[in-house]
Structures are given as C-alpha cells and as structure tokens.
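Notes for the structure review
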Amino acid sequence: ILGQQGMKLALGLNTISPRIGGGLIQGEKGSAKSTAVRALQGLLPEIEVVRDCPFHCEPHDKAHFCEECRENLKPMAARRPVPFVNLPIGATEDRLLGTLDIEHAIQQGRRRFQPGLLAQAHRGILYIDEVNLLNDHLVDAMLDAAAMGVNVVERDGISVQHAASFILVGTMNPEEGELRPQLLDRFALSVPA
C-alpha cells in the first residue's frame, strides 16, 4: 500500500499496538507527512493519569510510579489527551532527557529534576520531523530510552529514572540525506507518503 493509504495504515497500526515499534514516513516536501502525524492525536482516546504528574503515571500501576507519585499518599486520577511531543531538530540533550531545574535550585536552594521531552512523551507519541537531520548524540540518547522503556539521567548532582514508553514517529525527505542505519532499524514500519 503506497501513498496516503500506506501512511494512514502505518500510523493506525502503531496506535492500536504501540509495541509494533513506530513508523517512518518518507516523502517529498509538501506531501502532507506532518499533517497526517499531527492529526493522529485527535483520533486517540484520552488516557487516565495521576493528576499533575509530569511523567503521566498511570493511576492503577503503582509499581511504575515516579518518585513524586510514590510519595503522594492519595494520588488523584485525571483524564488528558494522549501526549504528542515534537522533538525539534535543534534540541539539546538536556531538553530531551531532562536536567536540573536551575530556577528552583536558586529560589529554593534544593535540587529538583526538570523533566525533558522523553518524560512528556511517556504513554504518547514522540514525533521527529526531518528525523534524518537529527544530531547523532540525540539519536543515541533517544534510542537508549526507547529500547529500555526507561530514561536514566545522572548529572548535575541528580540521579533520576522514569518510564519512557512512547510511539516513535518520524518523517523525512530522502532528498535531504540518509537515515542512520541504527535509527532506521528502530522504525518497524517505513512507508512512502
């Protein structure tokens, strides 16, 4: 199946069964790749999360709670749309993985973790437009987290680990460069737009 039908099928299959392993959509500029991916969020049902949890912890899965949710004696449940996170090509490693919350450290005198894009994408979709142009160090960090289902951050005097399970969706224009083989292997489905 080629074109729009193949693109819709690949996205639909990944939302039905995220364990498929993501999707890569290849096509020329103007072939509606990004539009199709962004429309995906509106088709998905809301998910149940622990209210105000930056990691989208599932209220009934206490074994996988983040540190904040474990400390909360009575976590309240809330419903919210499936997270849709766009990983910009120029993102830093700190923005992707998370880092020390400098503002909190200065104001409160205590260290606190500021979640990154992987935390925001947990239980949702991590979208990379022009994935073939993404910096190698970001690719490696993202692939590590995706393979383990966990993001581990140890830097700036903090040591944090949180769940990082997401559907990886990338788009690319083959005319702008090749995709690294280890990243291409990460996408279970690759379809032309």
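Below: a short report on this structure. (Residues numbered from 1 in each chain as written. Predicted model: local features only at pLDDT ≥ 70, side-chain atom pairs only at ≥ 80, totals over all residues. Heavy atoms only, no water.)

1. Focus: the overall build of the protein chain
Summing up its helical and strand segments, the protein chain has eight helices and eleven strands in all. Taking 193 residues into account, the globule formula puts the C-alpha radius of gyration at 16 Å, and the protein chain, at 17 Å, falls close to it. The principal-axis extent of the C-alpha atoms belonging to the protein chain is close to 55 × 30 × 25 Å. Counting over 193 residues, the protein chain shows a buried share of 43%. (Helix = DSSP H or I, 4+ residues; strand = E, 2+ residues; numbered from the N terminus. Rg over C-alpha atoms; globule rule 2.2 N^0.38 Å. Buried < 20%, exposed > 50% of the residue type's maximum accessible area, 1.4 Å probe, protein only.)

2. Concerning the side chain of Thr99
Counting through the fold element by element, Thr99 comes out in strand 5 (residues 98–100). The class of Thr99 is buried, set by a relative accessible area of 13%. Those residues in contact with Thr99 that lie beyond four places of it in its chain are Asp94, Arg112, Phe113, Gln114, Arg155, Asp156 and Ile158. (Contact = heavy atoms within 4.5 Å.)

3. A word on the environment of Val160
Checked against the element boundaries, Val160 lands in strand 9 (residues 158–163). Excluding residues within four positions of it along the chain, Val160 makes contact with Phe113, Asn151, Val152 and Val153.

4. A few points about the sheet that holds strand 4 (residues 84–86)
Picture the strands of a sheet paired through backbone hydrogen bonds; they go either parallel or antiparallel. In spatial order, the strands read 4-7-10-1-11; together these five strands make up an open sheet with parallel pairing. Single-partner strands in this sheet number two, and they are strand 4 and strand 11 (189–192). Each strand axis lies, on average, 20° off the axis of its neighbour in the sheet, ignoring direction. Note that strand 1 (residues 23–26) and strand 11 share four bridges and pair parallel. Along strand 11, the bridge assignment pairs Gly23 with Leu189. (Pairing = 2+ DSSP bridges. Axes fitted to C-alpha atoms, helices over the stretch in contact; angles between N-to-C directions.)

5. Some points on the state of the cysteines
Applying the stated rule across the entire model yields zero disulfides. Not part of a disulfide, Cys57 finds its nearest cysteine sulfur in Cys53, a span of 3.7 Å. Cysteine Cys66 remains unbridged, with the sulfur of Cys69 as its closest cysteine sulfur at 3.6 Å. (Disulfide = S-S within 2.5 Å.)

6. Some words on the nonpolar core
With 40 residues, the main nonpolar core has Leu96, Leu126, Met142 and Phe166 as its most contacted residues. Every element with two or more residues in this core is listed here: helix 4 (93–97), helix 6 (117–121), strand 7 (124–129), helix 7 (136–148), strand 9 and strand 10 (166–172). Per-element tally for this core: the top contributor is helix 7, with seven residues. Listed in part, the 17 residues of the second largest apolar core include Ala10, Ile47, Tyr127 and Ile167. (Core = buried A, V, L, I, M, F, W, Y, C linked by side-chain atoms within 4.5 Å.)

7. Focus on the packing of aromatic side chains
According to the stated counting rule, one finds two aromatic pairs in the structure shown. Seen in terms of ring centroids, Phe55 and Phe113 are 6.4 Å apart; in terms of plane orientation they differ by 10°. Their pairing is stacked. With Phe55 in the loop between strand 2 (47–50) and helix 3 (67–71) and Phe113 in strand 6 (residues 113–115), the pair connects residues that are 58 residues apart, well separated along the chain. Assigned by exposure class, Phe55 and Phe113 land together as buried. For the ring pair Phe84 and Tyr127, a centre distance of 5.8 Å and an interplane angle of 35° mean the geometry is tilted. Here Phe84 is found in strand 4, whereas its partner Tyr127 is found in strand 7, with 43 residues between them in sequence. Here Tyr127 falls in the buried class, since its relative accessible area comes to 0%. (Phe/Tyr/Trp six-rings, centres within 6.5 Å; stacked < 30°, edge-to-face > 60°.)

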